Amino acid sequence: MPVPSGLLTQIAIGTVALYTLVTAASRAIGRLLALAEYYDVDEVLVGMTVLALGTSLPELSSHLVASLGILSGVLEYQVTSAVVIGGNTGSSTVQQFLLVGILLIGYGTVHASRTFVYESYLPMLGAIGATMLVAWDGTISRLDGVLLLGLYLLYVGAIITRRGSTQSLREAPSKNPRRDTVVATGLLVLVLLSASLLLSVVEGVVDALAIGGSMVGVVTIGVAAALPELTAVMDAIRRRSPHVALGTLVGSNIVNPLVGIGLGGALSTYSVPSAVVLWDLPFKLIAGVGLLGWALYWRKGEFTRTEGGYMLGLYFAFLTGRLVLFPGQ
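Quick notes on the rules
Residues numbered from 1 in each chain as written. Predicted model: local features only at pLDDT ≥ 70, side-chain atom pairs only at ≥ 80, totals over all residues. Heavy atoms only, no water. Salt bridge = Lys/Arg side-chain N within 4 Å of Asp/Glu carboxyl O. Helix = DSSP H or I, 4+ residues; strand = E, 2+ residues; numbered from the N terminus. Buried < 20%, exposed > 50% of the residue type's maximum accessible area, 1.4 Å probe, protein only. pLDDT = per-residue confidence, 0-100. Contact = heavy atoms within 4.5 Å. Phe/Tyr/Trp six-rings, centres within 6.5 Å; stacked < 30°, edge-to-face > 60°.

Participant: Can you explain the pattern of salt bridges? Please cite residues and give values.
Facilitator: A complete count under the given rule lists three salt bridges for this structure. D180 is the salt-bridge partner of R31, the closest N and O atoms lying 2.5 Å from each other. Taken together, the residues R31 in helix α1 (residues 5-38) and D180 in helix α7 (residues 177-209) connect sequence positions 149 residues apart. Two residues, R322 and D280, come together in a salt bridge whose shortest N-O distance is 2.7 Å. Pair noted here: R322 is in helix α13 (residues 305-325) and D280 is in helix α12 (residues 274-297), with a separation of 42 residues, a long-range link. Under the relative-accessibility criterion, D280 is labelled buried at 0%. One salt-bridge network, held together by shared partners, links R31, R179 and D180.

Participant: If you had to explain the confidence of the model for the protein to someone new, which residues and values would you point to?
Facilitator: Mean pLDDT over the protein: 82, with 86% of residues reaching 70 or higher. The spread of mean pLDDT over the elements of the protein runs between helix α2 (residues 43-54), the lowest at 62, and strand β2 (residues 139-140), the highest at 96. Across residues 165-169, confidence stays below pLDDT 50; counting only partners more than four residues off in sequence or on other chains, it has eleven contacts.

Participant: Could you give me a rundown of unusual backbone geometry, with the residues and numbers involved?
Facilitator: Phi angles above zero are rare outside glycine, and T269 is one such case at about 65°. Within the secondary structure, T269 sits in the loop between α11 (242-268) and β3 (270-271). By relative accessible area, T269 is classed as buried at 18%.

Participant: I'd love a proper account of the packing of aromatic side chains, names of residues and values included.
Facilitator: This structure, assessed with the given rule, holds seven aromatic pairs. Here Y152 and Y155 contribute two aromatic rings whose centre-to-centre distance is 6.4 Å and whose plane-to-plane angle is 45°, an arrangement assigned as tilted. Taken together, the positions of Y152 and Y155, both in helix α6 (residues 142-162) and three residues apart, correspond to about one turn of that helix. We note that Y152, like Y155, is buried. Where W279 meets F283, the ring centres are 5.2 Å apart and the plane angle is 40°; that geometry is what we call tilted. Separated by four residues within a single helix, W279 and F283 lie in helix α12, roughly one turn from each other. Ring pairing ties together the aromatic residues F97, W279, F283 and F318, which thus form one cluster.

Written out as structure tokens, the structure is:
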């Protein structure tokens, strides 16, 4: 059956919007880091705001635009909820399994210190578990959203209290802070506009093809939003500095559910597809716990290329199970 030309046009527009969203977000982060360096902002604050939130900017902007669209009636509640939540879990899954797997295979052995386990990996598992609990009834209420945001603030407070510095990827100081402020602001506006256009296109494609909104989110927003982290992984392999990339990947898995879904839920509430609570989140949690136990008790705290291979396999198992068990979501 031929694909309608109007649908092809929508897909082309959506592709451009997706590229613009990811590219503008990445460049905005660079400008903001340069400004932070110019004004000598504390590294802990930079790590917990610009780096932690900035690397999740595509997902966060999609949630913000989606919730505003739901509230105004411009975007359909069920479809939009499914797309952004699918994009959120999809991006987190790409980072947790696919990109960590690429990092380990490309670099080799990475030792997981107790500090990393207690301050990053266990909070990541806790964030996944908390999201699964509040979403289990099929909705993210405003109270659920506030709870998720509150958990993130508690996490940030605990990290700032316990640590005096954080490892971060800093840019050279801004040479023209006024210009960089204007450019960063313009890029952030472009991110929001691109997210708005993308969600409108995705809603139309979902209606036209009668496919699941959350699956569309997994393979579009979910994959594309993880591209900046892929660049960080390849750069870490080249520079032989895997811990920065590993911390960024795990940290993004804390920000995405707690801040992304929390923000959207607090603003507009969400309808959660059953695939997310029955497959996406349980898969991530069980696999994450299993890999941690394997690395700590069998590998003595080391993640090797063997674990990297397992993670690649887990990502494709996740996608296969999603398609087979929940083809319409």
